[in-house]
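Survey of secondary and tertiary structure
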Amino acid sequence: MAKLVAGNFKMNKTKKEAEDYCAELLTLLGKGYNNFLICPPYTLIECVKRSLNGRGAVGAQNVALAESGAYTGEISAKMLKDVGADSCLIGHSERRHIYGETNDDIAKKLNLVQKEGLKTILCVGETLEEHRRLKSVLESQLSVLNDKDLTNIIVAYEPVWAIGTGKVATSDDIIKAHTIIKKYVKDKFNSEISILYGGSVKPENISEILALGVVDGVLVGGASLDAKKMAQMIKSAK
Ligand code: PEP
């Protein structure tokens, strides 16, 4: 089965750049590849949705902590759905570490996104300093799954030290973390869950990463900004 390639644009691209990107991506892909998700900035969700012409899927990078009201600058789950988002990243390490998002915040966001019927990509991962406590750190981040409907949730394991640094986790690191996550979900909820790996994935290393039996797809930052690299990765994941 095709594996998912999710691209996180972070705070990059204008409307024209996003339109050109989507057109180039679709041309490079030709027919038959839909195993991808683009997460552009909020301002481009509608544009990317339209430009992809029904191919792949579109996601947001974050969501507000409330349904509506006096929260200047925030965007609710209902608004994301309204402009065509299919899914939403929650708990990306940049949200946790730059903006101080806690597991409590992430659990609330998960509820709000689920209420709107959007898929969630829950990002988890340890800092270098937390690496020796990998199991307990991941389990505490995964505790936000309690009482949730897991059918619409994917986990993305992204070691913080591998994001945007060019350092890819070793095969052993990835297998160890993914096994901890799968076991936690099995033991707690008697369920399975899909897990993406994220952290400096690029065309040159994606095949090796996807060949590890425990990886269901990838979450890509930097390399996803280039339509040629994105197309190559999507084709490698088929
Ligand atoms: C990310 O932003 O989720 C990410 C994995 O970034 P990069 O691929 O640039 O490491």
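All values derive from a computational prediction rather than experimental measurement. (Residues numbered from 1 in each chain as written. Predicted model: local features only at pLDDT ≥ 70, side-chain atom pairs only at ≥ 80, totals over all residues. Heavy atoms only, no water.)

**Brief notes about the site of the ligand**
To keep things clear, this is the line we draw: Throughout this document, a residue counts as near a molecule or strand when at least one of its heavy atoms sits within 4 Å of that molecule or strand. N or O atoms closer than or at 3.5 Å make up a polar contact, with two conditions inside protein: a donor-capable atom paired with an acceptor-capable one, and, for residues adjacent in sequence, both atoms drawn from side chains. Residues are grouped as follows: Ala, Val, Leu, Ile, Met, Phe, Trp, Tyr, Cys and Pro are nonpolar; Asp, Glu, Lys and Arg are charged; every other residue, Gly included, is polar.
In the vicinity of the ligand there are 14 residues, among which Lys-10, Glu-158, Gly-164, Ser-200 and Gly-221 approach most closely. Contact between the ligand and Glu-158: an oxygen atom at 2.6 Å from a side-chain N or O atom of the residue. Split into classes, the residues belonging to the shell around the ligand amount to 4 nonpolar, 8 polar and 2 charged.

**Description of helix α7 (residues 171–189)**
Each turn of an α-helix holds 3.6 residues, which means side chains three or four residues apart point in the same direction. Heads up, the condition is: Here a strand is any run of E in DSSP of at least two residues, a helix any run of H or I of at least four, and the numbering for each starts at the N terminus. An expected span of 1.5 Å times one less than the residue number is assigned to each helix. Only protein chains enter the accessibility calculation, which uses a 1.4 Å probe; a residue is then buried when its area is under 20% of its type maximum, exposed when over 50%, and partly exposed in between. Think of the arc as the fan of directions from the helix axis to the C-beta atoms.
Taking 1.5 Å as the rise per residue, α7 with 19 residues should run 27 Å; its terminal C-alpha atoms sit 27 Å apart, in good agreement. Within the span of α7, buried status applies to Asp-173, Ile-174, Ala-177, His-178, Ile-180, Ile-181, Tyr-184 and Val-185. Projected onto a plane normal to the axis of α7, the buried residues spread over an arc of 150° and lie on a single side. Summarising the geometry of α7, the exposed residues directed more than 90 degrees from the buried face are Asp-172, Lys-176 and Asp-187. Two residues or fewer past α7, Asn-190 is found with a positive phi of approximately 50°.

**Notes on the sheet that holds strand β2 (residues 36–39)**
Our working definition: Only when DSSP finds a minimum of two bridges between them are two strands counted as paired. To define axes, lines are fitted to C-alpha atoms, for helices over the stretch in contact only, and angles between the resulting N-to-C directions are given on a 0 to 180 degree scale.
Strand order in the closed barrel made by the 8 strands is β1-β2-β3-β4-β5-β6-β7-β8, with parallel pairing throughout. Neighbour-to-neighbour, the strand axes of the sheet open up by a mean angle of 25°, direction not taken into account. The sheet contact formed by β2 and strand β3 (residues 57–60) spans 2 bridges and is parallel. When the bridges of β3 are listed, Ile-38 appears paired with Val-58.

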